[in-house]
Amino acid sequence: MAVTNTGKAFFTEIEIVKDTNGTQTTITESVLQEFGVFEEITEDDFALLSETAANERYTAFKTFLNNKYPGLDVDEILTNEPVNENLTLCPV
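The shown structure was predicted, so the numbers you read here are calculated from the model rather than taken from an experiment. (Residues numbered from 1 in each chain as written. Predicted model: local features only at pLDDT ≥ 70, side-chain atom pairs only at ≥ 80, totals over all residues. Heavy atoms only, no water.)

A.B. asks: How should I be thinking about the pairing of strand β3 (residues 23–30) in this particular structure?
C.D. replies: Regular strands place side chains that alternate from one sheet face to the opposite one. Alignment of strand β2 (residues 13–20) against β3, held across 8 bridges, turns out to be antiparallel. Bridged to Thr20 within β3 is Thr23. Counted between consecutive antiparallel strands, the loop separating β2 from β3 contains 2 residues, among which Asn21 sits at a positive phi close to 50°. (Pairing = 2+ DSSP bridges. Helix = DSSP H or I, 4+ residues; strand = E, 2+ residues; numbered from the N terminus.)

In structure tokens, the structure reads:
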């Protein structure tokens, strides 16, 4: 199978800042980690997913995080879509 640079870039980590009584803790979660029905995946394998498969994983990841951290709204944290056009950064 030939690999093609699609010009798409995918985010793999999200930082959550948790404030407990004025003390802030930064938590990093990765869409590459195992969660729900999804197995852990490498960044290289993730780069080879179709855009549809990547979006499916992102949707499940957002639900996972919203359930793991009550009161969290992942959509408020994300400022961009998970898949962006980036002709210079594409990992493939």
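A.B. asks: Whenever I open this one, the confidence of the model for the protein confuses me. Can you help?
C.D. replies: When pLDDT is low, close inspection of the predicted coordinates is not appropriate. The predicted model of the protein has a mean per-residue pLDDT of 81, with 75% of residues at 70 or higher. Considering each helix and strand of the protein separately, the mean pLDDT is smallest for strand β4 (residues 83–85), with a value of 55, and largest for β3, with 93. (pLDDT = per-residue confidence, 0-100.)

A.B. asks: I would appreciate a short explanation of the side chain of Ser30 in the present structure.
C.D. replies: Among the structural elements, Ser30 can be located in strand β3. Within polar-contact distance, the side chain of Ser30 engages the backbone oxygen of Thr12 at 3.1 Å. Residue contacts for Ser30: discarding those within four places in its chain leaves Thr12, Glu13 and Phe61. (Polar contact = N/O pair within 3.5 Å; in protein donor to acceptor, adjacent residues only side chain to side chain. Contact = heavy atoms within 4.5 Å.)

A.B. asks: Is there a simple way to explain the nonpolar core in this structure?
C.D. replies: What tends to happen in soluble globular proteins is that the nonpolar side chains get buried as a cluster. With 19 residues, the main nonpolar core has Ile14, Phe46, Tyr58 and Leu65 as its most contacted residues. Where this core is concerned, the elements lending two or more residues are β2 and α2 (51–68). Ignoring sequence-local partners within four residues, the contact set of Leu65 consists of Ile14, Glu29, Leu72 and Val74. (Core = buried A, V, L, I, M, F, W, Y, C linked by side-chain atoms within 4.5 Å. Buried < 20%, exposed > 50% of the residue type's maximum accessible area, 1.4 Å probe, protein only.)

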